[in-house]
Amino acid sequence: MDAVSEIRWQIYADPAKTAAAAADYIADSAARRLEQAPFFSLALSGGSTPKLMLAALRELDVNWSRVLVFQVDERVAPAADPARNLHLVHDALVATGVLPSENFLPMPVETVADSPDRAVQDYTTTLVESVGNPPVFDLIHLGLGDDGHTASLIPDRGEIERTDAEVMLTEPYQGLPRMTVSLPLINRAAQRLWLVTGAGKAAALAQLQAGDATIPAGRVCVPNSVVIADEAAAATVRELIA
């Protein structure tokens, strides 16, 4: 079996069913981990796709008091900015009383303007103190951009090549700089969950399936990875993964 074929695939009819399946996967992973560990560490990506997933996840039987939630990436903008990924997790899990507020550990992007290096170091320290040195997430949720980016690791930029950092700042992308975890941190996670929906992601998903290293997503570790996608996104790979 080649490396690419080690990715596990789950394909569902529509975004709602896909999101529910991803939520089930997270809940099951948490339950298994909590049988043998004091906490479960979950890193969540931003964007619009995870909204349905988190809405489904908060309805499931998860011991949230023993779950630590981190961010995969964040826009460098004030906390009130609606573009912040922070709101996705806060509104779905913290504000609804599901996740204790102290268990959500967001990226400190508000301090970037005053001290970029300190902001990066602060989140690196948070990771080390929470999930080890080097940090290892139990599960990292990843999105896939139509350009093949994942986290805020953008094609044809130097951040994807960095192996000397767990967390870094990027140049502006779609108008704003980002804070993002690094490729080594993504690849070190115990499990990786890709959630991909929509026909606009079909070409990038085919590149991911092929292990295309010209896109950042294609350089993510394959073992212990699952792709949960809808029919529209998976249209170009269905025959290859059957």
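Because the structure is a prediction, the values reported are computed rather than measured. (Residues numbered from 1 in each chain as written. Predicted model: local features only at pLDDT ≥ 70, side-chain atom pairs only at ≥ 80, totals over all residues. Heavy atoms only, no water.)

Caption draft 1: Structural view of the pattern of salt bridges. For the structure shown, the criterion picks out nine salt bridges. Here Glu 166 and Arg 188 are joined by a salt bridge, their closest N and O atoms 3.1 Å apart. Pair noted here: Glu 166 is in the loop between strand 6 (139-142) and strand 7 (167-169) and Arg 188 is in helix 5 (residues 183-188), with a separation of 22 residues, a long-range link. On the accessibility criterion, Glu 166 (15% relative accessible area) is buried. (Salt bridge = Lys/Arg side-chain N within 4 Å of Asp/Glu carboxyl O. Helix = DSSP H or I, 4+ residues; strand = E, 2+ residues; numbered from the N terminus. Buried < 20%, exposed > 50% of the residue type's maximum accessible area, 1.4 Å probe, protein only.)

Caption draft 2: Expanded view of the nonpolar core. Counting residues in hydrophobic clusters, the biggest one holds 43 residues, and the most contacted among them are Phe 137, Ile 140, Met 179, Trp 194 and Leu 205. Each residue touching Trp 194, except ones within four places of it in the same chain, is listed here: Leu 142, Gly 143, Leu 144, Thr 150, Leu 208, Ala 217, Val 220, Ser 225, Val 226, Val 227 and Ile 228. Counting 32 residues, the second largest nonpolar core, distinct from the first, contains Ala 27, Leu 34, Leu 93 and Leu 193. (Core = buried A, V, L, I, M, F, W, Y, C linked by side-chain atoms within 4.5 Å. Contact = heavy atoms within 4.5 Å.)

Caption draft 3: Focus on the sheet that holds strand 7. Taken in spatial order, the three strands line up as 4-8-7 in an open sheet, and their pairing is antiparallel. Each edge of the sheet is formed by a strand with only one pairing partner; in this case those strands are strand 4 (73-75) and strand 7. Averaged over all pairs of adjacent strands, the angle between strand axes in this sheet comes to 10°, irrespective of strand direction. Where strand 7 and strand 8 (residues 178-181) come together, three bridges link them in antiparallel fashion. Residue pairing for strand 8: Val 167 is matched across the bridge by Val 181. Of the strands in this sheet, strand 7 and strand 8 touch helix 4 (residues 116-131), which is tilted by about 160° from strand 7. (Pairing = 2+ DSSP bridges. Axes fitted to C-alpha atoms, helices over the stretch in contact; angles between N-to-C directions.)

Caption draft 4: Focus on the packing of helix 2 (residues 50-57) against helix 3 (residues 86-94). The N-to-C vectors of helix 2 and helix 3 enclose an angle of 20°; their axes lie 9 Å apart at closest approach. In this view, helix 2 runs roughly parallel relative to helix 3, as classed from their interaxial angle. In this structure, helix 2 meets helix 3 at a crossing whose hand is right-handed. Taking contact as the criterion, the partners of Pro 50, Lys 51 and Leu 54 in helix 2 are, on helix 3, Leu 88, Val 89, Ala 92 and Leu 93. Of the residues contributing to the contact of helix 2 with helix 3, the split by class is six nonpolar, no polar and one charged. (Parallel < 35°, antiparallel > 145°, perpendicular 65-115°, else oblique. Left-handed = near helix turned anticlockwise from the far one by under 90°. Nonpolar A, V, L, I, M, F, W, Y, C, P; charged D, E, K, R; others polar.)

Caption draft 5: Just the confidence of the model for the protein, in detail. Averaged over all residues, the pLDDT of the protein is 94; the fraction at 70 or higher stands at 98%. Segment residues 1-5 is flagged for pLDDT under 50; beyond a separation of four residues in sequence, or across chains, it makes six contacts in the model. (pLDDT = per-residue confidence, 0-100.)

Caption draft 6: Inspection of the side chain of Asn 85 at higher detail. Counting through the fold element by element, Asn 85 comes out in the loop between strand 4 and helix 3. Aside from chain neighbours lying at most four places away, what touches Asn 85 is Gly 46, Gly 47, Gln 71, Asp 73, Glu 74 and Arg 75.

Caption draft 7: Layout of the side chain of Arg 178. Mapping Arg 178 onto the fold places it in strand 8. A polar contact of 3.3 Å, which involves the side chain of Arg 178, links it to the side chain of Ser 152. Within the structure, the side chain of Arg 178 is placed 3.2 Å from the backbone oxygen of Tyr 173, a separation counted as a polar contact. In this structure Arg 178 touches Asp 73, Glu 74, Arg 75, Val 76, Ser 152, Met 168, Leu 169, Thr 170, Glu 171 and Tyr 173, once residues within four positions along its chain are discounted. (Polar contact = N/O pair within 3.5 Å; in protein donor to acceptor, adjacent residues only side chain to side chain.)

Caption draft 8: Looking closely at helix 2. Inspection of helix 2 places Pro 50, Met 53, Leu 54 and Leu 57 among the buried residues, and these make up the whole buried set. Projection of helix 2 onto a plane perpendicular to its axis shows the buried side chains occupying an angular sector of 95°, all on one side. In this fold, the buried residues of helix 2 make contact with helix 1 (15-34), strand 2 (40-44), helix 3, strand 6 and strand 9 (192-196). (Arc of directions from axis to C-beta.)

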